[in-house]
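Residue-level structural notes
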Amino acid sequence: MAKPNHLQLQILESLQSVLMAANTDAGTRVRVEGLNNLPSSALPAIEIEVSDEEIERRTMGSGGRATLQRDLIVEVGCLVKGGGDYLKRASELLAQVEEALFPDGPTELDCLLDGRPRLRGTRPQHDDRGADPVYRIRVGWIFRYFTTEGRPRALVT
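One structure accompanies this document, and this report is about it. Keep in mind that this is a model prediction, so the values were computed, not measured.

1. Focus on the overall build of the chain
The helix and strand tally for the chain stands at two helices and six strands. Going from the N terminus to the C terminus, the chain shows its helices and strands as α-β-β-β-α-β-β-β. Overall size of the chain, expressed as C-alpha extent along the three principal axes, is 60 × 35 × 35 Å. With 157 residues in all, the chain has 37% of them scored as buried. Within the chain, residue pairs in contact and separated by at least 24 positions form 59% of the contacts whose partners lie at least 6 positions apart. Here the chain has roughly 8,900 Å² of accessible surface; of this, 48% comes from carbon and sulfur atoms.

2. Details of the environment of Asp25
Relative to the helices and strands, Asp25 resides in the loop between helix 1 (7-21) and strand 1 (30-32). For Asp25, a relative accessible area of 42% translates into the label partly exposed. Taking the C-alpha atoms as reference points, Asp25 and Met60, 35 residues apart in sequence, are found 45 Å from one another. If we ignore the near neighbours within four places in the chain, the residues touching Asp25 are Pro44, Glu92, Leu93 and Gln96.

3. A closer look at the pairing of strand 6 (residues 151-155)
Looking along a regular strand, one sees side chains alternate from face to face of the sheet. One ladder, built from two bridges, connects strand 5 (residues 134-148) with strand 6; its direction is antiparallel. Along strand 6, the bridge assignment pairs Thr147 with Leu155. Here strand 5 folds back onto strand 6, and the loop between the two strands holds two residues, one of which, Gly150, carries a positive phi near 80°.

4. Comments concerning helix 1
Counted at 1.5 Å a residue, the expected span for helix 1 with its 15 residues is 21 Å, and the 21 Å between its end C-alpha atoms agrees. Of the positions making up helix 1, those classed as buried are Leu7, Ile11, Leu12, Ser14, Leu15, Val18 and Leu19. Projected down its long axis, helix 1 shows its buried positions confined to an angular sector of 165°, all on one face. As for helix 1, its buried residues are in contact with strand 1, strand 2 (45-60), strand 3 (66-81), helix 2 (86-101), strand 5 and strand 6. Immediately beyond the C-terminal end of helix 1, within one or two residues, lies Asn23, with a positive phi of roughly 60°.

5. Some details on the packing of aromatic side chains
Each aromatic ring pair is specified by the distance between its two centres and by the angle formed by the two planes. On inspection of all chains with the given rule, the structure shows two aromatic pairs. A ring pair is formed by Phe102 and Trp141, whose centres lie 6.2 Å apart and whose planes are at 35°; its orientation type is tilted. Within this pair, whereas Phe102 is found in the loop between helix 2 and strand 4 (118-127), its partner Trp141 is found in strand 5, the two being separated by 39 residues in sequence. Judged by relative accessible area, Trp141 falls into the buried class, the value being 1%.

6. Here we look at the pairing of strand 5
With 12 of its 15 residues buried, strand 5 lies for the most part within the structure. Bridge analysis of strand 3 against strand 5 gives 15 bridges, and the strand direction is antiparallel. Among the inter-strand pairings, Gln69 is bridged to a residue of strand 5, identified as Phe146. With nine bridges joining them, strand 4 and strand 5 adopt antiparallel strand pairing. Note on strand 5: the bridge partner recorded for Arg123 is Arg138.

7. Side note on the side chain of Thr67
Structurally, Thr67 can be placed in strand 3. Beyond its immediate chain neighbours, meaning those up to four positions away, Thr67 contacts Glu56, Arg57, Arg58, Thr59, Phe146, Thr147 and Val156.

8. Observations regarding unusual backbone geometry
The peptide bond linking Leu43 to Pro44 adopts the cis configuration, its omega dihedral lying at 5°. Structurally, the position occupied by Pro44 is in the loop between strand 1 and strand 2. With phi around 60°, Asn23 is a residue other than glycine that occupies positive phi space. Mapped onto the fold, Asn23 is located in the loop between helix 1 and strand 1. For Asn23, a relative accessible area of 68% gives the class exposed.

The rules behind these values
Residues numbered from 1 in each chain as written. Predicted model: local features only at pLDDT ≥ 70, side-chain atom pairs only at ≥ 80, totals over all residues. Heavy atoms only, no water. Helix = DSSP H or I, 4+ residues; strand = E, 2+ residues; numbered from the N terminus. Buried < 20%, exposed > 50% of the residue type's maximum accessible area, 1.4 Å probe, protein only. Contact = heavy atoms within 4.5 Å. Areas by Shrake-Rupley, 256 points an atom, 1.4 Å probe, with all protein chains shown as cover. Pairing = 2+ DSSP bridges. Expected span 1.5 Å × (residues − 1). Arc of directions from axis to C-beta. Phe/Tyr/Trp six-rings, centres within 6.5 Å; stacked < 30°, edge-to-face > 60°.

Structure below.
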């Protein structure tokens, strides 16, 4: 039987599912950690990229292993084609992402996180190196979860 993935990847994949189900302007064009730039024909789209993770020892648990508070920083990129109303389209996609992460009801992420994700900040980014200009708003989120030291595949129970 295969072991579950590291909780970081479980969170990224759950985030992808939540955003795909949210019916944003990107539709199902939501990818995790793409190595290649998306062609402008694939826009609007959402890219999910893992960033830093801050880890703090909280308490000593069973067997002498510490409980770790882990704050995973994830950047969600809202990508649109350039053009006259690119800022309006990117801002709308940004609003849709924020709404998807704070719905009235539960999400798939709730069983992995300690509370809802926290918005960390946004950063606009122009890319005009290709044939078509692309505008991206990078949105930083903090996803807090708890593990036992040396047990990164499961939450603290």
